[in-house]
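# Chains, contacts and geometry: an overview
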Amino acid sequence: MISRWTFNVCLLLCVFSCYIFCFNSLGNTSQTRLKQRIQAIAHPAQPNNSIDLPLYPDTLEGKPEIPSPYRAENGMEYLTVVTDASKYSLFPVTVKSGESIEPWNVPLEIDATDFPTLAKIGLHSEIELDAAQRITGRSIAEITELGRPGRLSSSGFLCEDEDVMSVIKGDNRLVKKLGLNHLQTATPLIHLCHMIRCYSNHHHSRTHIHTWKDQSYILYNGKKIFLEVTLTKGGQKSIFNDGDLDGAWGIKIWRDLDTNETKFLTERYNRLDENQRKSFVQKLSQMMLGEIVPFYIYRYGFYEGHTGWRADPIAIAFIFGLKSIGEIENTFPGKLDYELYRHFTNEN
């Protein structure tokens, strides 16, 4: 048996040991919380599921482990661009309905007043198109007249044999056959508009963009997209009554065919001679457009007529990897060249 004195001493030692343990634990917890607070101040939390990566003009040495384009769960969208120095830049390019894109200060809005079905499903109702007399309060006849060569634009928004409603209807059918809608075809081009805005804002000048001096190509759905932006002479007014929408930039977009795509088209279109095939491939894989066109597609489903400034929906689908060349060919078997060249008229 132990004495009462010995028992009391042991009890005191146990209580003291527990006190020391608890004190240390509380101290460690306080220190941990203090460290977490310091880290939170030094490195603020990113928005829910946005990328924790530096954005342009900062660069990355290695390719970021995200697709391009990338859409985070919070809705933020990003494009990966490869620089001339073989580094990587991330550009924020979020497409948000109703939001203005600088420097145009024009909101992204579908013309739901004139085209309610377009606003609902992203494609036109031909019943609505046949019944339309005006777009944005301006008559179809006036819009067509303003869009012809030598009117608001020297090269025109339409060819002489085309009218605005025939073009809208013809492209609506093309997009529907491809299994796409006008929002899907407009999005890659609006991504590029956001990227151009981000680039020009960093250089504090709209005129600086034409140099595009430090970027090599854009990654988009696994494709290498090349871009040239030039400042045109003066501004380009819109043929629609859509407020401040005007343009000043010429945007050239293209990508090179890979070996399999070249072989595929050569075999499928061996009826074309070398010059014809070269022209056909150029129509499919490159486009020159003004910055008005992405808004036209988004708002009205209008890609312009078959002028040198047309953003053909087939070319958009091919260049940006929305559809493979096999899928596009299966949609227009043996007639892809015809679909790229034919004009949209009342007779055709």
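Since the model is a prediction, treat every value here as computed from it, not as a measurement. (Residues numbered from 1 in each chain as written. Predicted model: local features only at pLDDT ≥ 70, side-chain atom pairs only at ≥ 80, totals over all residues. Heavy atoms only, no water.)

### Quick look at the overall build of the protein
Check the secondary structure of the protein and you find 12 helices and 11 strands. Evaluated residue by residue, the protein yields a buried proportion of 46% over its 348 residues. Across the protein, the fraction of contacts at a sequence separation of at least 24, relative to all contacts at a separation of at least 6, is 67%. As presented, the protein carries roughly 18,400 Å² of accessible surface, and 53% of it is formed by carbon and sulfur atoms. (Helix = DSSP H or I, 4+ residues; strand = E, 2+ residues; numbered from the N terminus. Buried < 20%, exposed > 50% of the residue type's maximum accessible area, 1.4 Å probe, protein only. Contact = heavy atoms within 4.5 Å. Areas by Shrake-Rupley, 256 points an atom, 1.4 Å probe, with all protein chains shown as cover.)

### A look at the environment of Cys-198
Note on placement: Cys-198 falls in helix H6 (residues 182-202). The exposure class of Cys-198 is buried, given its relative accessible area of 14%. Taking the C-alpha atoms as reference points, Cys-198 and Phe-91, separated by 107 residues in sequence, lie 7.2 Å from one another. Apart from residues no more than four positions distant in its own chain, Cys-198 is found in contact with Tyr-56, Phe-91 and Pro-92.

### Observations concerning the nonpolar core
Grouped together as the largest cluster of nonpolar side chains are 74 residues, with contacts concentrated most on Ile-253 and Phe-302. Sorting elements by how many residues they give to this core places H6 first, with eight residues. Setting aside residues no more than four positions away along its own chain, Phe-302 makes contact with Phe-157, Leu-158, Val-164, Val-167, Ile-168, Ile-239, Phe-240, Val-293, Tyr-296 and Ile-297. Of all hydrophobic cores here, the second largest spans 11 residues; its members include Tyr-88, Tyr-217, Phe-226 and Trp-254. (Core = buried A, V, L, I, M, F, W, Y, C linked by side-chain atoms within 4.5 Å.)

### Things to note about the packing of aromatic side chains
How two aromatic rings sit relative to each other is set out by the distance from centre to centre and by the angle between their planes. Counted by the stated rule, this structure contains 12 aromatic pairs. Judged by centre distance (4.4 Å) and plane angle (20°), the ring pair of Tyr-56 and Phe-91 falls under stacked. In this pair, Tyr-56 sits in the loop between helix H1 (4-42) and strand E1 (70-71) while Phe-91 sits in strand E3 (residues 88-92), placing the two residues 35 residues apart along the sequence. Taken as a pair, Tyr-56 and Phe-91 share a single burial class, namely buried. Ring geometry for Phe-157 against Tyr-296: centres 6.2 Å apart, planes inclined by 50°, an arrangement best described as tilted. Remark: Tyr-296 occurs in helix H9 (residues 292-300) and Phe-157 occurs in the loop between helix H4 (140-147) and helix H5 (164-177); sequence separation between them is 139 residues. Note on Tyr-296: relative accessible area 0%, which makes it buried. In this structure, Lys-252 packs its charged tip against the face of Trp-254, placed 5.1 Å from the ring centre. Positioned over the ring face of Phe-318 is Arg-255, at 4.0 Å from the centre of the ring. (Phe/Tyr/Trp six-rings, centres within 6.5 Å; stacked < 30°, edge-to-face > 60°. Lys NZ or Arg CZ within 6 Å of the ring centre and 35° of its normal.)

### Digging into unusual backbone geometry
Residues Tyr-56 and Pro-57 are joined by a peptide bond in cis, for which omega reads 15°. With respect to the helices and strands, the residue Pro-57 is situated in the loop between H1 and E1. With an omega dihedral of 5°, the bond running from Ser-68 to Pro-69 counts as a cis peptide bond. Mapped onto the fold, Pro-69 is located in the loop between H1 and E1. In this structure, Thr-136 takes a positive phi of about 55° despite not being glycine. If you trace the backbone, Thr-136 turns up in the loop between strand E6 (134-135) and strand E7 (138-139). Phi at Asn-221 takes a positive value of approximately 50°, unusual for a residue other than glycine. The partly exposed category is assigned to Asn-221, whose relative accessible area is 39%.

### With respect to the side chain of Asn-172
Within the fold, Asn-172 resides in helix H5. Here Asn-172 is in contact with Leu-123, His-124 and His-182, once residues within four sequence places are set aside.

### Thoughts on the confidence of the model for the protein
Here the protein averages 84 in pLDDT, and 78% of its residues register 70 or above. Per-residue pLDDT stays below 50 along residues 19-49; that stretch engages in eight contacts with residues further than four places along the chain or on separate chains. (pLDDT = per-residue confidence, 0-100.)

### Points about H4
Buried residues of H4: Ile-140, Ile-143, Thr-144, Leu-146 and Gly-147, and no others. Buried positions in H4, seen along its axis, are confined to an arc of 165° and lie on one side of it. Along its buried surface, H4 packs onto E6, E7 and H5. (Arc of directions from axis to C-beta.)

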